[in-house]
Amino acid sequence: MASLVGDVMHLKIGATEKWPTDVAFFQPYQVEQVTLPDYSNCLAVRTFLSMSGLKFDLQLKTNAEEMSPSGRVPFLKMGAFLVAEFDPIVANVNMRGLSISAHLDETERSEMTAYITMVHTVLYNAELYLSWIDKDIFASTTRPRYGSVHPWPLSWILPWKRQMEVKSRLNACGWIDKTKENVLDEIKACLQALSDRLAKNTYFFGEKPTELDALVFGHLYNLITVRLPDSKLTGCIQNYRNLVDLCTRIEGKFYRDIQEN
């Protein structure tokens, strides 16, 4: 409880002013190092900040994960304060009176929160599973990337250590015993729910983007463009035309400098 209270106080103290002019955005190297789930999170936060019109200085660091107060990326340095991961960063921005979803009513806000939870639960866990549990992807992509910035034997030891941590997390949430087909089915169900909610709208809640649009873009754009041994996942996403169009729309409006993995 003390840790939770400390985190909340840290967040509130760091949000007592409007957006600082010296915000630094930390993430691992994009092409050589970052893993699939980490890049989805980084891209989601970058997109959210771009949608909010908030400026930041992108800092690529080989040890970004170790620098992060939560051990996860991305994180922001805002003066003397550090804020890590999508939800706390969104909360920090909202506490400054800079929310991009202020136009939503209470019902819509509750619905948005439910969809965000679904994306975190399904797409993030699916990316963890595919990256760290699927043997082909782990051997060909995840282990080389995660270990690329470390000398041997750390280049082998650290990916193994991280894999054990991911297995523990997935075991705790009931994902460790799923097959790859089970995971793809979970992704399809999530995509169907998102597609139904988006329908023919510009964004999930009308003509203005919200944090849900940023989060979905981060995951789907990454999953569409990432180079994996099996193209089945990319083909699955391509079946949801309105979601693909959403990604194209967001990319075109908010930036063109994304490098594919």
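The structure this text deals with has already been given above.
For clarity, every value in this text was computed on a predicted model and none was experimentally measured.

A. Local environment of the environment of Ser 148. Here Ser 148 is to be found in the loop between helix 6 (135-147) and helix 7 (154-172). On a C-alpha basis, the gap between Ser 148 and Glu 32 in space is 7.3 Å, while along the polypeptide they are 116 residues apart. Excluding residues within four positions of it along the chain, Ser 148 makes contact with Glu 32 and Gln 33. Here the side chain of Ser 148 touches Arg 145 through a polar contact of 2.8 Å, landing on its backbone oxygen.

B. Local environment of the pairing of strand 2 (residues 57-60). As defined by bridge partners, strand 1 (residues 24-27) adjoins strand 2 across 4 bridges and the pair is classed as parallel. When the sheet's bridge partners are listed, Gln 27 is paired in strand 2 with Leu 60. The β-α-β motif built from strand 1, the intervening helix 2 (residues 36-51) and the parallel element strand 2 has right-handed crossover chirality.

C. Representation of the packing of aromatic side chains in the model. Tallied over the full model, the rule gives 6 aromatic pairs. Considering the side-chain rings of Phe 25 and Phe 56, the 5.2 Å spacing of their centres and the 35° angle between planes classify their relative orientation as tilted. Within this pair, whereas Phe 25 is found in strand 1, its partner Phe 56 is found in the loop between helix 2 and strand 2, the two being separated by 31 residues in sequence. Overall, the relative accessible area of 0% leaves Phe 25 in the buried class.

D. Molecular detail of the environment of Pro 37. Its place among the elements puts Pro 37 in helix 2. For the pair Pro 37 and Glu 127, spaced 90 residues apart in sequence, the C-alpha separation works out to 5.3 Å.

E. Quick look at helix 7. Relative to the 27 Å expected for 19 residues at 1.5 Å per residue, helix 7 spans 27 Å between its end C-alpha atoms, a close match to the ideal helical length. Those residues of helix 7 that sit buried are Ser 155, Pro 159, Arg 162, Gln 163, Val 166 and Leu 170. What you see down the axis of helix 7 is that its buried residues fit within an arc of 110°, all on one side. When the buried face of helix 7 is taken as reference, the exposed residues oriented beyond 90 degrees from it are Trp 160, Asn 171 and Ala 172. Positive backbone phi, approximately 80°, marks Gly 174, located one or two places after helix 7.

F. Spatial organisation of unusual backbone geometry. Looking along the chain, the bond that leaves Val 73 and enters Pro 74 is cis, with omega of 0°. If you trace the backbone, Pro 74 turns up in the loop between helix 3 (64-67) and strand 3 (75-78). Between Trp 152 and Pro 153 the backbone carries a cis peptide bond, its omega angle lying at 10°. Here Pro 153 lies in the loop between helix 6 and helix 7. In this model, Ala 199 sits at a positive phi of 50°, which is unusual for a non-glycine residue. In this structure, Ala 199 sits in the loop between helix 8 (180-198) and helix 9 (211-225).

Parameters and conventions
Residues numbered from 1 in each chain as written. Predicted model: local features only at pLDDT ≥ 70, side-chain atom pairs only at ≥ 80, totals over all residues. Heavy atoms only, no water. Helix = DSSP H or I, 4+ residues; strand = E, 2+ residues; numbered from the N terminus. Contact = heavy atoms within 4.5 Å. Polar contact = N/O pair within 3.5 Å; in protein donor to acceptor, adjacent residues only side chain to side chain. Pairing = 2+ DSSP bridges. Right-handed = clockwise from strand over helix to strand, strands pointing away. Phe/Tyr/Trp six-rings, centres within 6.5 Å; stacked < 30°, edge-to-face > 60°. Buried < 20%, exposed > 50% of the residue type's maximum accessible area, 1.4 Å probe, protein only. Expected span 1.5 Å × (residues − 1). Arc of directions from axis to C-beta.

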